[in-house]
Amino acid sequence: MKAPDKIYIHRTIHLGLLSASEIDITGQDEQYIRKNALMEWAKETYKATENNNEISELFKQGALFELHKVINKIESL
């Protein structure tokens, strides 16, 4: 059986990830985001953080560690 490529999230959790124009106000409690879109965002953010020389190395290493955990979790879904 093939796993779905959508990740369901509660409306109040994802508001920080989307702009106001992308928020669906239809009264539904759950929405979804494509797994591939979330993975693409996480990998782009990882690369941008890795190449950012304006932040401290300590912060960078912590951010990369956490992003790596997010990427691994998405891949496991």
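Residues numbered from 1 in each chain as written. Predicted model: local features only at pLDDT ≥ 70, side-chain atom pairs only at ≥ 80, totals over all residues. Heavy atoms only, no water.

S.K.: Run through the nonpolar core, naming residues and quoting values.
M.R.: In terms of nonpolar packing, the biggest core is built from 5 residues, these being Leu 38, Met 39, Ala 42, Ile 71 and Ile 74. Broken down by element, the residue count for this core peaks at 3 residues, all from helix H1 (residues 35–50). Other than its neighbours up to four places away in sequence, Ile 71 contacts Met 39, Ala 42, Lys 43 and Tyr 46. (Core = buried A, V, L, I, M, F, W, Y, C linked by side-chain atoms within 4.5 Å. Buried < 20%, exposed > 50% of the residue type's maximum accessible area, 1.4 Å probe, protein only. Helix = DSSP H or I, 4+ residues; strand = E, 2+ residues; numbered from the N terminus. Contact = heavy atoms within 4.5 Å.)

S.K.: So what's going on with the pattern of salt bridges? Residues and values would help.
M.R.: The tally for this structure, following the rule as stated, stands at 2 salt bridges. Glu 57 serves as the salt-bridge partner of Lys 60, at 3.5 Å between the closest nitrogen and oxygen. Within this pair, Lys 60 and its partner Glu 57 are both found in helix H2 (residues 57–76), separated by 3 residues, close to a single helical turn. A salt bridge links Glu 66 to Lys 69, with the shortest nitrogen-to-oxygen separation between them at 3.3 Å. A residue pair is termed a helical-turn pair when its members lie 3 or 4 positions apart in one helix, as Glu 66 and Lys 69 do in helix H2 at 3 residues. We classify Lys 69 as partly exposed; its relative accessible area is 42%. (Salt bridge = Lys/Arg side-chain N within 4 Å of Asp/Glu carboxyl O.)

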